[in-house]
Amino acid sequence: MALQLSHAVSDGIRRIFTRTGGALFLGFLAIQLGTQTMVNTAILGYLPPEAATEFRSSVGLALPISGEIALAALGVLILLSSAYFVVLSRTFAQPLSEAGSFPASVTERLGRATVFALIGGVLVTIMIMIGSVFLLIPGLFLAVSFLFFIFAVAVEDEGVISSLKRSWGLARGSRLQLGVLVFASALFGGVIGAIAPLLTLAGLSVAADIVIITFSAVFFLPYYAIIAAAYLQLRDGQSQRDRQRTGPVDASQTQKL
């Protein structure tokens, strides 16, 4: 069954206007604010003192701590971000009637899923980058093919390689529709990438960080909710096809002994 994109969009949007959607939005904001602050702080911390003083006004959000502490905090935030996306995937992949609360299994084997999500995310990012270096199309194709990786890890408890294969199989036959979502994400990234330097040049580097993070949360939370709805649609459609293929055998067509 090919993906019905309009249904996935409407289904996904409904999932964010819930109590859990609000909590996930605030969680995304907090993690992204912390991550950007630690990145900026680490950069300043490892610059020579003269250069750090010169660039401090253009770096954005930063804390008066050492680069080593900022780097350690950044590592913790990266793990926390991976765990967050596992929780987000499990929450958004519930039936729509249950979208107002976190699932009972939201923390089940969370550590394992977090590590697999982190490793797989790095692999997917590298593959997409390599594909994009040669031509834009291979990178876009890989981004679409591995769009459901995090859901295979978080919801279906798959390993890294099996999650990549699972995502590839779910995307098969619907890559054009899914490509619309990936293109929208890339377009949003391009717009944000153009706005940030303008604010920085205007001397509003802190405001630039806050605007980018806030806009990113406003865009990406519905984006992942739509991907979750698309995942459910394709997963359930595939399960239905599998049941039809393995349905009861017609005894009238078998030979008698």
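Structure: above.
Residues numbered from 1 in each chain as written. Predicted model: local features only at pLDDT ≥ 70, side-chain atom pairs only at ≥ 80, totals over all residues. Heavy atoms only, no water.

A.B. asks: Tell me about the side chain of S185, residues and numbers included.
C.D. replies: Within the element layout of this structure, S185 appears in helix α9 (residues 175-201). A relative accessible area of 15% means that S185 is categorised as buried. If near-sequence neighbours (up to four positions away) are discounted, S185 is found in contact with F219, F220 and Y223. (Helix = DSSP H or I, 4+ residues; strand = E, 2+ residues; numbered from the N terminus. Buried < 20%, exposed > 50% of the residue type's maximum accessible area, 1.4 Å probe, protein only. Contact = heavy atoms within 4.5 Å.)

A.B. asks: Account for a nonpolar patch on the surface, with residues named and values stated.
C.D. replies: A cluster of nonpolar residues, V122, I126, I130, V133 and F134, forms a patch on the protein surface that exposes about 520 Å² of accessible area. Residue placement: I130 occurs in helix α5 (residues 110-134). (Patch = residues over 30% accessible without salt bridge, like charges linked within 9 Å, V, L, I, M, F, W, Y side chains within 5 Å. Areas by Shrake-Rupley, 256 points an atom, 1.4 Å probe, with all protein chains shown as cover. Salt bridge = Lys/Arg side-chain N within 4 Å of Asp/Glu carboxyl O.)

A.B. asks: Describe the packing of aromatic side chains, listing the residues and the values that go with them.
C.D. replies: The geometry of an aromatic ring pair comes down to the distance between the two centres and the angle between the two planes. The full count for this structure, using the stated rule, is 15 aromatic pairs. Centre to centre, the rings of F148 and Y231 are 6.2 Å apart; their planes meet at 45°, and the pair counts as tilted. With F148 in the loop between α6 (136-145) and α7 (149-154) and Y231 in helix α10 (residues 205-245), the pair connects residues that are 83 residues apart, well separated along the chain. Between F220 and Y223, the ring centres sit 5.7 Å apart and the planes meet at 90°, which makes this aromatic pair edge-to-face. With F220 and Y223 both in helix α10 and three residues apart, this pair spans about one turn of that helix. Look at Y223 and you get buried, because its relative accessible area is 10%. The residue whose ring lies beneath R175 is W168, and the NZ or CZ to ring-centre distance is 4.9 Å. (Phe/Tyr/Trp six-rings, centres within 6.5 Å; stacked < 30°, edge-to-face > 60°. Lys NZ or Arg CZ within 6 Å of the ring centre and 35° of its normal.)

A.B. asks: Describe the packing of helix α4 (residues 67-92) against α5, and please don't skip the residues or the numbers.
C.D. replies: Closest axis-to-axis distance for the α4/α5 pair is 8 Å, and the angle between their directions is 110°. Overall, the two elements α4 and α5 adopt an arrangement that is roughly perpendicular. Along its contact with α4, which presents I78, L79, S82, A83, V86, V87 and R90, the element α5 presents L110, A113, T114, A117 and L118. Here the contact of α4 with α5 is composed, by residue class, of nine nonpolar, two polar and one charged. (Axes fitted to C-alpha atoms, helices over the stretch in contact; angles between N-to-C directions. Parallel < 35°, antiparallel > 145°, perpendicular 65-115°, else oblique. Nonpolar A, V, L, I, M, F, W, Y, C, P; charged D, E, K, R; others polar.)

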